[in-house]
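Fold and contact review
As a plain string of letters, each chain reads:
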There are 2 protein chains.
Amino acid sequence: MEGNSRLLIMGGAAGPALLGRFVELAGAGDARIVVIATASEDPAATERSYVERFESLGAGTVRGLRLAHRADANTPEAGAVLRGATGVFFTGGDQERIITALGGTAVDTLLHALVGEGRVVLAGTSAGAAMMSATMITGGDRPGVTADSVRTGPGLEFLPCVLIDQHFAERGRLNRLLSAVARYPHELGVGIDEDTAILTGGDSFEVLGSGAVTVVDAGAATDIRVPPSGPIVLAGARIHVLPAGCTFHLTGRRPVTGPSPERERAA
Amino acid sequence: MEGNSRLLIMGGAAGPALLGRFVELAGAGDARIVVIATASEDPAATERSYVERFESLGAGTVRGLRLAHRADANTPEAGAVLRGATGVFFTGGDQERIITALGGTAVDTLLHALVGEGRVVLAGTSAGAAMMSATMITGGDRPGVTADSVRTGPGLEFLPCVLIDQHFAERGRLNRLLSAVARYPHELGVGIDEDTAILTGGDSFEVLGSGAVTVVDAGAATDIRVPPSGPIVLAGARIHVLPAGCTFHLTGRRPVTGPSPERERAA
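Residues numbered from 1 in each chain as written. Chains lettered and ligands numbered in written order. Predicted model: local features only at pLDDT ≥ 70, side-chain atom pairs only at ≥ 80, totals over all residues. Heavy atoms only, no water.

Under an unreviewed UniProt entry, the name given to chain A is Cyanophycinase, and the organism recorded is Actinoplanes subglobosus. Taken directly from UniProt, the Function (unreviewed entry) text for chain A runs: "Exopeptidase that catalyzes the hydrolytic cleavage of multi-L-arginyl-poly-L-aspartic acid (cyanophycin; a water-insoluble reserve polymer) into aspartate-arginine dipeptides." UniProt, in its Catalytic activity (unreviewed entry) section for chain A, records the words "[L-4-(L-arginin-2-N-yl)aspartate](n) + H2O = [L-4-(L-arginin-2-N-yl)aspartate](n-1) + L-4-(L-arginin-2-N-yl)aspartate". (UniProt positions renumbered as here; feature names shortened; annotations may be inferred.)

So, the overall build of chain A
A count of helical and extended segments in chain A gives eight helices and 16 strands. What you see for chain A is a C-alpha radius of gyration of 18 Å, in line with the 18 Å of a compact globule of 267 residues. Dimensions of chain A, computed from the C-alpha atoms along their principal axes, are close to 50 × 50 × 30 Å. Counting over 267 residues, chain A shows a buried share of 58%. In chain A, the share of contacts with a sequence separation of at least 24, taken over all contacts with a separation of at least 6, comes to 69%. Within the structure as shown, chain A displays about 9,600 Å² of accessible surface, and the carbon and sulfur contribution to it stands at 49%. Positive and negative side-chain charges in chain A, numbering 23 and 29 respectively, have mean positions lying 2 Å apart. (Helix = DSSP H or I, 4+ residues; strand = E, 2+ residues; numbered from the N terminus. Rg over C-alpha atoms; globule rule 2.2 N^0.38 Å. Buried < 20%, exposed > 50% of the residue type's maximum accessible area, 1.4 Å probe, protein only. Contact = heavy atoms within 4.5 Å. Areas by Shrake-Rupley, 256 points an atom, 1.4 Å probe, with all protein chains shown as cover. Lys, Arg positive; Asp, Glu negative; His and termini not counted. Charge placed at Lys NZ, Arg CZ, Asp CG, Glu CD.)

What to know about the sheet that holds strand 15 (residues 247-249) of chain A
Residue and element names in this part refer to chain A. Spatially, nine strands are ordered 3-2-4-5-1-10-11-15-16 in an open sheet, and the strand pairing comes out mixed. Bordering the open sheet on either side are strand 3 (61-64) and strand 16 (254-257), each of which pairs with just one other strand. On average, adjacent strands in this sheet sit at an angle of 20 degrees to one another, irrespective of strand direction. Inspection of the sheet shows strand 2 (residues 32-36) paired to strand 4 (residues 87-90) by four bridges, in the parallel sense. Counterpart to Val-34 in the pairing with strand 4 is Val-88. (Pairing = 2+ DSSP bridges. Axes fitted to C-alpha atoms, helices over the stretch in contact; angles between N-to-C directions.)

Let's talk about the pattern of salt bridges
All names here are of chain A. Scanning the entire structure with this criterion turns up 16 salt bridges over all chains. Between Glu-47 and Arg-66 there is a salt bridge, with its nearest N and O atoms 2.8 Å apart. Taken together, the residues Glu-47 in helix 2 (residues 43-56) and Arg-66 in the loop between strand 3 and helix 3 (76-83) connect sequence positions 19 residues apart. The class of Glu-47 is buried, set by a relative accessible area of 13%. Owing to a relative accessible area of 43%, Arg-66 belongs among the partly exposed residues under this scheme. Arg-173 serves as the salt-bridge partner of Asp-165, at 3.7 Å between the closest nitrogen and oxygen. Take Asp-165 and Arg-173: they sit in the same class, and that class is buried. Among the charged side chains, a salt-bridge network with shared partners connects Asp-165, Arg-173 and Arg-176. (Salt bridge = Lys/Arg side-chain N within 4 Å of Asp/Glu carboxyl O.)

And the structure:
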């Protein structure tokens with residue numbers, strides 16, 4: 001991840017506090033926000049809904065950018081829209097639609113440049129969060145920690161070395177995240193609850209929202225065995241459950257701070 | 001745990017291989033097995049079902065011991081039945097029924113003695129597994145890692161320093177086990193899948209069956225904060241996912257061995 005990247009990665013069902021934080025990071029009354037609903041089954045309706053929400057939260061200007069096909073993502077018009085943005089938001093839906101339509105296109109390349117230079121805050125929720133990983137979880141909800149309880153594919157890699165899962169507590173997905181990191185121990189597993197987000201800055205992320213972020217670190221494991229079927233051996237992995245206010249250092253693979261005592265007393 | 005104790009703790013829905021292992025440990029054709037269905041809503045039917053299964057698996061003699069009320073658990077007759085047993089099996093149902101009917105009774109005291117002397121192999125499934133812990137999970141299936149996503153109470157403490165959860169992968173219970181060990185980091189969290197068991201011997205347990213055992217060790221945590229409501233902070237805990245053939249050292253809080261390479265090649 002380039003040091004200037006500001007990524008706001010939401011686990012789905014984001015409430016006004018998180019969406020408002022995105023508007024604020026993008027410049028509040030001066031924000032120029034672009035909504036990309038490519039993941040959605042009904043992009044027009046999804047786009048309209050987010051445009052209204054960001055407008056009601058005080059964003060300067062908000063517009064949709066419809067990228068249904070790869071051709072749309074290679075037009076000069078799309079590039080011009082993104083160059084004028086201060087914030088870009090990817091909605092939920094099916095993460096594979098994002099990859100198929102955008103992967104390797106001019107929009108993909110341009111977005112990486114704009115985000116890396118710190119000119120655009122990039123946010124995504126649910127499918128729009130999943131696609132931020134280098135290795136993306138595409139499906140799998142079988143119980144148990146087995147090689148076939150998770151399916152993965154390449155993401156757009158805005159946040160390297162991290163494997164994101166979303167709707168995390170709500171859909172009981174710790175099993176599939178453990179399965180994924182057992183297969184790819186190089187990747188740090190980051191499970192984000194609904195109405196919860198990570199905000200990256202430098203080499204760390206901060207947790208925001210009403211739920212928690214669960215980090216699974218198989219780098220620490222002393223023994224990993226992944227048979228083609230049946231249960232996986234994953235011994236000595238590390239796990240961190242981090243609610244709002246906690247900060248995690250990505251390269252160091254360790255939490256930096258917890259919430260302040262003031263926050264706890266207020267809780 | 002006394003060094004001679006043989007405890008076979010099953011995560012529910014145990015198939016013939018696990019039940020057969022119990023029969024074998026209890027002496028096979030010489031086994032004298034006692035089934036206690038106190039946890040069940042319909043103890044007569046549950047008892048009958050297990051008596052038939054253990055008989056069909058070749059146990060010498062099998063009988064039920066009906067302990068519906070505390071008075072039943074203080075009779076000389078109940079004591080005589082247990083003294084004649086080589087294996088005692090607790091069925092599933094509601095673990096709190098076991099505690100209410102048996103906790104602190106003559107049967108409770110006698111069972112601890114017989115198990116500690118190695119004269120009886122003690123097995124339990126589901127509720128009969130939960131009650132083996134000192135701190136027993138009594139309920140809670142809310143998503144998220146929060147103080148109120150798990151309810152606990154005292155168990156019968158056949159396996160001290162361990163907190164058992166069952167139907168583990170099938171019911172997505174890692175959240176509640178994390179919540180429990182964050183509150184009681186002294187206890188090692190042991191989540192047992194269906195048709196899966198741990199068999200204790202000395203200071204370790206071995207994993208048996210078709211699923212896996214997930215061990216959560218909050219003793220290693222660098223930061224734990226449990227507010228009365230809302231998400232818990234649990235940083236730096238350790239997690240182990242261990243299928244059949246793995247051995248875990250309880251006092252050392254570490255896996256000792258994984259499955260042999262032969263087993264992996266056969267898988």
